[in-house]
Amino acid sequence: MTTALPAQRTVLARFPAGHPRGSWPADEYAAAQRAQGTDAPVVMDLDSDQLIVVTNTTTQ
């Protein structure tokens with residue numbers, strides 16, 4: 001049996017889940033990152049109640 005290692009992710013930005021505009025700020029930021037060529041999905045961090053924009057590539 002092979003165990004896969006968890007993917008290394010870089011957090012690009014964090015947004016409060018209770019923002020008055022909902023997930024829009026996170027979605028807009030992720031869209032801007034994707035327009036620049038960075039794969040940037042929005043994920044929910046349940047422990048901190050935040051929307052996080054991440055990438056699987058390392059940033060400099």
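Up top is the structure these notes are about.
Here goes a summary of the coordinates provided. (Residues numbered from 1 in each chain as written. Predicted model: local features only at pLDDT ≥ 70, side-chain atom pairs only at ≥ 80, totals over all residues. Heavy atoms only, no water.)

## Some details on the environment of A40
Inspection of the secondary structure puts A40 in the loop between α1 (24-35) and β2 (42-45). On the basis of relative accessibility, which here comes to 0%, the residue A40 falls in the buried class. C-alpha of A40 to C-alpha of V54: the two residues are 14 residues apart in sequence and 5.4 Å apart in space. Aside from chain neighbours lying at most four places away, what touches A40 is L12, A30, Q33, R34, V53 and V54. (Helix = DSSP H or I, 4+ residues; strand = E, 2+ residues; numbered from the N terminus. Buried < 20%, exposed > 50% of the residue type's maximum accessible area, 1.4 Å probe, protein only. Contact = heavy atoms within 4.5 Å.)

## Digging into the sheet that holds strand β3 (residues 50-55)
Across a sheet, strands are paired by hydrogen bonds formed along the backbone, either parallel or antiparallel in direction. Ordered in space as β1-β3-β2, the 3 strands form an open sheet in which the pairing is antiparallel. Looking at which strands have only one partner, the edges of the open sheet turn out to be β1 (10-16) and β2. Along the sheet, successive strands turn relative to each other by an average axial angle of 35°, direction set aside. Bridging between β1 and β3 involves 6 bridges; their strand directions are antiparallel. By the bridge assignment, A13 is partnered in β3 with V53. Across the sheet, α1 is in contact with β1, β2 and β3; its angle to β1 comes to roughly 155°. (Pairing = 2+ DSSP bridges. Axes fitted to C-alpha atoms, helices over the stretch in contact; angles between N-to-C directions.)

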